[in-house]
Amino acid sequence: MPAFFVKHIKPICFTLCSLPLAYLAMLFFTDQLGANPIERITRYSGTWALRMTLITLMATPLQRALGAVWPFRIRRMLGLFGFFYVTLHLANYIVLDQFFDGYEIYFDLVERPFIMAGMAAFLLLIPLAVTSTKKMMRRLGKRWKQLHRAVYLIAALGVLHYFLLIKLGWFEPAIYLLVYLALMLMRMPIRETLSKIFKPRQVTDPR
Amino acid sequence: MLIKSRNTHDCLESEVTDYSLYMQRRRFIETSAKGFGLAMIAPSLLLSACSEASPGSDTTTSAGKQDQELTPYEDVTTYNNFYEFGLGKSDPAKYATKFNVKPWTVKVEGAVENPGTYDLEDLLKGMQQEERIYRLRCVEAWSMVIPWYGFALADLIKKLKPTSTAKYVQFETLYDPKQMPGQRGRALDWPYVEGLRLDEAMNPLAFMATGLYGKDLLGQNGAPFRLVVPWKYGFKSIKSIVAIRFTETEPPTSWNITNSGEYGFYANVNPKVNHPRWSQRKERRIGEFRKRPTLLFNGYGDEVASLYQGMDLKRYF
Ligand code: HEM
């Protein structure tokens, strides 16, 4: 990795992660969101929420593959951007889409599995976002890592949310599912698991 | 009453929409900006504003009272569900630009006295042309108001003379993957088919459109001619028709074949019968910010409710 890239990894990452938002703002202020702007924002923010979540999951495999520490230095920032796009997605749903219609939102929450999955993901993200500071990391120590494993479930719920809402054609959610599965597989300690399974049992003498 | 007939030589709305279209576009920025502003300074104001929109206090129960501001031509022609041209809303406008509709023939088959393969021009001969402004309610909970141009479906059916055994009419869309790139995938079971009970088809509201905004239909809107049944969800209003079949039994319909749990044969607009995965109580009129309540039969109950007397609309959704 070029030294410049590694040295300035945080501002570079921040800029890149802000681009989708900048593009959305550009569309908004130049009136290019199309005939149904709210639907467009819903889809756009949802898509980037899921992408950022999956990108966050790439940090660990990247770190292992490259043997470099920089992926870990941006991991929390990536996660927070994921949280940001999910929040934007939810705010758009509550403010622009439903316009604070508590009745509709309530029925969506209790009747629509896809909304339930999305909301579960959002609720699970909150403690992760809250504990994303260095201070919290230090304070929680080992438990921080355990807590933040919830992101595996969150990403799965995001993919599930997408599968449940699609009207026709499972192609796009299937791509996200494949990426998710690949990222999960990479974390499996495959060699150790295999050797555990195939290792000949040591027969101990009961006597 | 919403059927607005008009001599076609009158000045049509299409000639005066450019400005309103412009305003409409600006409006989203303004209304949403206002929405955000309010959200930050006065949540209580918003809450009261929100109760205004609750179904109980709604005054627009009769269709006539709903304002009928036309959806801008640009939106009507760029925001379409026409999966033959792709799954995205802007795909039809993108891929239908070279859609060739000439020559166009229509097969008429089944329980009918005048079967055959007709040139479209011959089929349309003698049809009384008129403009009708209808609301279109998509099953995805958005809606438009469109000035169609065409003729009553009943007139065409009378010309074709179904036999006494005919109880249903089925329509079929063109199958031509060369022209319709969406048909190269298997999103739906092509060709697209739709159908109506014969008495539904004979209802004066059922319409065959050949144009909108005073212009011939564009490919994305179902050129050269399509069905418009304003009291049913948009997917019933089949586009680019190449076959009309009169049948004795309920004909298969595309969305019902694809997912019978979510899309029925009748597909009447009904705020009380939700789509299994989303609410149908409200809809977003394209160009508007707040959702508005959806009306039973899309507000055309006076004209069509009698067709469904005694039917359980929850069961026959
Ligand atoms: C907080 C609760 C959430 C709510 C209320 C919510 C609501 C919605 C709604 C209403 C749609 C549009 C459905 C449609 O077009 O029919 C949508 C789409 C979507 N949402 Fe969410 N969502 C939530 C959380 C999430 C989360 C956590 C993710 C990902 C991590 C996500 C990713 C997506 C994606 C990928 C789409 C589809 C975009 C597309 O159609 O291209 N959502 N969501």
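Worth saying up front: this structure is predicted, and the values here are computed from it rather than measured. (Residues numbered from 1 in each chain as written. Chains lettered and ligands numbered in written order. Predicted model: local features only at pLDDT ≥ 70, side-chain atom pairs only at ≥ 80, totals over all residues. Heavy atoms only, no water.)

Notes on the packing of aromatic side chains
How two aromatic rings sit relative to each other is set out by the distance from centre to centre and by the angle between their planes. Residue and element names in this part refer to chain B. Counted only if it meets this: For Phe, Tyr and Trp, where Trp contributes only its six-membered ring, two rings pair if their centres lie within 6.5 Å, and the inter-plane angle classes them as stacked under 30 degrees, edge-to-face over 60, or tilted in between. Numbering of helices and strands starts at the N terminus; helices are DSSP runs of H or I of at least 4 residues and strands are runs of E of at least 2. Note on exposure labels: buried denotes an accessible area under 20% of the residue type's maximum, exposed denotes more than 50%, and partly exposed covers the range between, all computed with a 1.4 Å probe on protein chains only.
Evaluated as defined, the whole model comprises 26 aromatic pairs over all chains. On the numbers, 5.4 Å between centres and 85° between planes, the contact of Tyr73 with Tyr213 is edge-to-face. Of this pair, Tyr73 sits in helix H3 (residues 73-78) while Tyr213 sits in the loop between strand E7 (207-212) and strand E8 (215-216); the two residues are 140 residues apart in sequence, bridging distant segments of the chain. The pair formed by Tyr73 and Tyr213 is uniform in burial state, with each residue classed as buried. Centroid distance Phe235 to Tyr263: 5.5 Å. Interplanar angle 85°. Geometry classified as edge-to-face. In this pair, Phe235 is assigned in the loop between strand E9 (226-228) and strand E10 (241-247) and Tyr263 in the loop between helix H8 (254-258) and strand E11 (282-285), connecting sequence segments 28 residues apart. Exposure class is identical for Phe235 and Tyr263. Each is buried. Within the aromatic cluster, the residues linked to one another by ring pairs are Tyr168, Phe265, Tyr266, Phe297 and Tyr308.

Considerations on the coordination of the iron atom of the ligand
Residues and elements named next belong to chain A. Spelled out, the test is: Note that water is not among the atoms considered, so a metal site may appear incomplete; the donors listed are N, O and S atoms within 2.8 Å of the metal, with 3.2 Å applied to Na, K and Ca. For a four-donor site, all angles between 85 and 135 degrees give tetrahedral; for four or six donors, opposite pairs above 155 degrees with the remaining angles between 65 and 115 give square planar or octahedral; all remaining cases count as irregular.
Within the first shell, the iron atom of the ligand binds the protein through His89 (NE2) and His161 (NE2), at distances of 1.9 to 2.0 Å. Coordination at the iron atom of the ligand comes from six donor atoms whose angles at the metal span 85 to 179°, giving a geometry best classed as octahedral. Of the two residues, His89 sits in helix H6 (residues 75-97) while His161 sits in helix H11 (residues 150-165), which places them 72 residues apart along the sequence. His161 carries the same exposure label as His89, and that label is buried.

Section: the packing of helix H7 (residues 102-111) of chain A against helix H8 (residues 113-130) of chain A
All names here are of chain A. Selection criterion: Every axis in this analysis is a line fitted to C-alpha atoms, fitted for helices over the stretch in contact. Angles between the N-to-C directions lie between 0 and 180 degrees. Working rule for angles: under 35 degrees goes down as roughly parallel, over 145 as roughly antiparallel, 65 to 115 as roughly perpendicular, anything else as oblique. We call two residues in contact when some of their heavy atoms are within 4.5 Å. For this classification, Asp, Glu, Lys and Arg are treated as charged, while Ala, Val, Leu, Ile, Met, Phe, Trp, Tyr, Cys and Pro are nonpolar and the rest, including Gly, are polar.
The geometry of H7 relative to H8 is characterised by a closest axis approach of 6 Å and an angle of 95° between their N-to-C directions. Considered as vectors, H7 and H8 are oriented roughly perpendicular to each other. Across the interface between the two elements, Asp108, Leu109, Val110 and Glu111 from H7 touch Pro113, Ile115, Met116 and Met119 from H8. Grouping the constituent residues of the contact of H7 with H8 by class yields six nonpolar, no polar and two charged.

Some words on the nonpolar core
Residue and element names in this part refer to chain B. Here is the rule we go by: Nonpolar cores were defined as sets of buried Ala, Val, Leu, Ile, Met, Phe, Trp, Tyr and Cys residues, with membership established by side-chain atoms within 4.5 Å.
Of all hydrophobic cores here, the largest spans 82 residues; its most connected members are Leu153, Phe171, Phe225, Trp231 and Phe246. A per-element tally of this core places strand E4 (residues 142-152) first, with six residues. Setting aside its immediate chain neighbours within four residues, Phe171 contacts Leu153, Tyr192, Val193, Glu194, Leu196, Met208, Leu227, Ile238, Ile241, Ala243 and Ile244.

A few points about the interface of chain B and chain A
As a reminder of what qualifies: When two parts are brought into contact, each loses some accessible area as probed by a 1.4 Å sphere; the total of that loss over both is the buried area. Think of a salt bridge as a Lys or Arg side-chain nitrogen and an Asp or Glu carboxyl oxygen that are within 4 Å of each other. Contacts described as polar in this section are N or O atom pairs within 3.5 Å, which, within protein, must combine one atom able to donate a hydrogen with one able to accept it, while residues neighboring in sequence count only if both atoms come from side chains.
Contact residues are listed per partner, giving 38 residues for chain B and 29 residues for chain A. Both faces considered, chain B and chain A share a buried interface measuring about 3,000 Å² in area, 59% of it formed by carbon and sulfur atoms. In this structure, Asp97 of chain A and Arg284 of chain B form a salt bridge, with 3.1 Å as the shortest nitrogen-oxygen distance. Run the count over chain B and chain A and you get 13 residue pairs in polar contact (both at pLDDT 80 or more). Only helix H1 (17-41), helix H2 (43-52), H8 and E11 of chain B provide two or more residues apiece to the side of chain B that touches chain A. Considering every element that reaches the side of chain B that touches chain A, the biggest residue donor is H1 of chain B, with seven residues.

Remarks on the confidence of the model for chain A
The following threshold applies: A residue's pLDDT is simply how confident the predictor is in it, with values from 0 to 100.
Per-residue pLDDT for chain A has a mean of 89; in total, 93% of the residues score no lower than 70. Here helix H13 (residues 190-198) of chain A is the element of chain A with the lowest mean pLDDT, 69, and H11 of chain A is the one with the highest, 96.

Observations regarding the confidence of the model for chain B
All names here are of chain B. For chain B, mean pLDDT is 81; residues scoring 70 or higher make up 79% of the total. Predicted confidence is poor over residues 4-23, with pLDDT under 50, and the contacts of this stretch with residues over four places away or in other chains come to 22 contacts. Considering only residues more than four positions removed or in separate chains, one finds that residues 34-66, a stretch of pLDDT under 50, has 34 contacts. Confidence estimates for the predicted assembly give a pTM of 0.80 and an ipTM of 0.76.

Side note on the packing of H11 of chain A against helix H12 (residues 171-187) of chain A
Residues and elements named next belong to chain A. For clarity, the threshold we go by: Each crossing gets its handedness from the near helix: less than a right angle anticlockwise from the far helix is left-handed, clockwise is right-handed.
The contact between H11 and H12 brings their axes to 9 Å, and the two run at 160°. On the basis of the axis angle, H11 is roughly antiparallel to H12. Considering only the axes of H11 and H12, their crossing is left-handed. Contact with H11, carried on its side by Tyr152, Ala155, Ala156, Val159, Tyr162 and Phe163, involves Glu172, Pro173, Ala174, Tyr176, Leu177, Tyr180, Met184 and Arg187 of H12 and no other residues of that element. Grouping the constituent residues of the contact of H11 with H12 by class yields twelve nonpolar, no polar and two charged.

A few points about the site of the ligand
All names here are of chain A. Which entries qualify depends on this criterion: We call a residue near a given molecule or strand whenever any one of its heavy atoms falls within 4 Å of it.
In the vicinity of the ligand there are 21 residues, among which Arg43, Gly46, His89, His161 and Leu165 approach most closely. A distance of 3.2 Å separates an oxygen atom of the ligand from a polar side-chain atom of Arg43. Considering every element that reaches the shell around the ligand, the biggest residue donor is helix H3 (residues 37-57), with seven residues. A breakdown of the residues in the shell around the ligand according to their chemical character gives twelve nonpolar, eight polar and one charged.

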